[in-house]
Amino acid sequence: MTHWSKPALPIETEEAGETLYMRPDGSIISQSRRFYSEEDIGRIRAGYCCAKCGEGHDIPFPAACFGCKFPMHDLQAEYLAKWYQGTVRLGSQINVDDELEEAARVVEFERRQRDGTSPTQIWLPGGD
Ligand SMILES: [Zn+2]
């Protein structure tokens, strides 16, 4: 049974600075990546979990996240579209579902190397 209001917890989080990201304007920023389970990604995409802090909500896309005040209703879809990066193919214009498929392929590759679980991969800007 899915508990929609529980927070989305990253399976793994990289330290800030491990990953460099190029913004559309060409500037380079360093970020931490967060890896969520497929279920949690589904809940984030459905608006039940905050894309920024993972806080869970009973109602999808509330006006503001209880945890971090992120304006989920107005900005979460846009935020995901902008920041969801299933793979290292930064700045691609393909849609999120395609990214999820690509992420699954990357994860399968990594799984062979790490012999761990096989999470769907997402990475979003680090906290602050
Ligand atoms: Zn939040």
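For every chain, the first residue of its written sequence is number 1, and the numbers climb from 1 along that sequence. Whole-chain, interface and lining totals are the exception, using all residues; otherwise, since this is a predicted model, local features are given only for residues with pLDDT of at least 70 and side-chain atom pairs are given and counted only at 80 or more.

### Some details on the overall build of the protein
Helix and strand assignments follow DSSP, with helices taken as H or I runs no shorter than four residues and strands as E runs no shorter than two, numbered in order from the N terminus. A count of helical and extended segments in the protein gives 3 helices and 4 strands. Reading the protein from its N terminus to its C terminus gives the helix and strand order β-β-β-β-α-α-α. With C-beta atoms placed from the backbone, a residue is buried if 20 or more other C-beta atoms are within 10 Å of its own, exposed if 12 or fewer are, and partly exposed between those counts. Expressed as a percentage of the 128 residues in the protein, the buried residues total 24%. C-beta atoms are placed from the backbone for every residue, and two residues are taken to be in contact when these atoms lie within 7 Å. At a minimum sequence separation of 6, the contacts of the protein that also span at least 24 residues come to 45%.

### Thoughts on the environment of Tyr48
If you trace the backbone, Tyr48 turns up in the loop between α1 (38-45) and α2 (72-83). Residue class for Tyr48 comes out buried when judged on the 25 C-beta atoms lying within 10 Å of it.

The quantities given are spatial measurements derived from coordinates; they are silent on function.
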